[in-house]
Amino acid sequence: MSLADDEGNSVSVNVLGRNPGWTAGLDAEIVVRTRFVSGRTDLALYALKLDGWADALDRLDAGEDVGWMEMGRGPSIFIQLAGERDCPEVVVADESGSMVSVRVPLVPPDDWIADHRRRLHRVTSYWFPMLSGQGDDQAPDGS
């Protein structure tokens, strides 16, 4: 996931590689960059979380606001299509870790949902064949 605008605001989820201690998971990070605040937090990804992102993209395409990873431990991402500033906003909430939330208003390009579907397909096509226990629904830390 990589949402960015011309103002320098961005929220990205970057896959860093296989998790060495958990064969069904990927190490990842959420990175927030704005002119005012920047930060990152670790994230464990696995098949069900990525399936949740696919579902979230479908709901966004239908005009709904979404929360991704909101039911587990670890950080959550919320996308509001019509935020407080009359533009889309991404909220990253790390309530179980740092207890910090960041709201980033941004205007993504028109084709951002299709672009994210392509990105998701590339991630799953490349990484899923290398992971064992693809149906596991929890990381070792319970997220």
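Everything here concerns the structure above.
From a predicted model like this one, the values you see are computed outputs, not experimental measurements. (Residues numbered from 1 in each chain as written. Predicted model: local features only at pLDDT ≥ 70, side-chain atom pairs only at ≥ 80, totals over all residues. Heavy atoms only, no water.)

Colleague: Before we go on, may I ask you to explain the pattern of salt bridges in this structure?
Modeller: Working definition: two side chains of opposite charge can pair if their charged atoms are close together. Tallied over the full model, the rule gives eleven salt bridges. Note that Arg118 is salt-bridged to Asp111, the shortest N-O span being 4.0 Å. For Arg118, a relative accessible area of 42% puts it in the partly exposed group. For Asp111, a relative accessible area of 42% corresponds to the partly exposed category. A network of salt bridges, in which partner residues are shared, links Asp111, Asp115, Arg118 and Arg119. (Salt bridge = Lys/Arg side-chain N within 4 Å of Asp/Glu carboxyl O. Buried < 20%, exposed > 50% of the residue type's maximum accessible area, 1.4 Å probe, protein only.)

Colleague: Could you clarify how one ought to interpret the sheet that holds strand β4 (residues 38-45) in this entry?
Modeller: Hydrogen bonds between backbone groups are what pair the strands of a sheet, and the pairing can be parallel or antiparallel. With antiparallel pairing, the four strands of this open sheet are ordered in space as β1-β2-β3-β4. Looking at strand neighbours, the two that pair on one side only are β1 (2-4) and β4, the edges of this open sheet. Taken over all neighbouring pairs, the strand axes of this sheet differ in orientation by 20 degrees on average, direction set aside. Taken together, the eight bridges between strand β3 (residues 26-33) and β4 define a ladder with antiparallel strand orientation. Paired with Ala28 across the strands is Leu43, a residue of β4. (Pairing = 2+ DSSP bridges. Helix = DSSP H or I, 4+ residues; strand = E, 2+ residues; numbered from the N terminus. Axes fitted to C-alpha atoms, helices over the stretch in contact; angles between N-to-C directions.)

Colleague: Can you help me understand the nonpolar core in this one?
Modeller: Residues Leu45, Ile77, Ile79 and Val90 are the most contacted members of the largest nonpolar core, which totals 32 residues. A total of six residues in this core trace back to one element, the largest contributor, which is helix α1 (residues 47-61). In contact with Val90, not counting residues within four places along its chain, are Met1, Leu3, Val11, Ile77, Phe78, Ile79, Val102, Arg103, Val104 and Leu106. (Core = buried A, V, L, I, M, F, W, Y, C linked by side-chain atoms within 4.5 Å. Contact = heavy atoms within 4.5 Å.)

Colleague: For this particular structure, what's the right way to read the side chain of Ser76?
Modeller: Here Ser76 is to be found in strand β6 (residues 76-80). Among the residues examined, Ser76 registers a relative accessible area of 7% and is labelled buried. Here Ser76 is in contact with Trp68, Met69, Glu70, Val91, Val92 and Ala93, once residues within four sequence places are set aside.

Colleague: When you look at the pairing of β6 in this model, what are you seeing that I'm missing?
Modeller: Regular strands place side chains that alternate from one sheet face to the opposite one. One ladder, built from three bridges, connects strand β5 (residues 66-68) with β6; its direction is antiparallel. For Val66, the partnering residue across the bridge sits in β6 and is Ile79. In the sheet, β6 pairs with strand β7 (residues 89-94) via five bridges, with the strands oriented antiparallel. Among the inter-strand pairings, Gln80 is bridged to a residue of β7, identified as Glu89.

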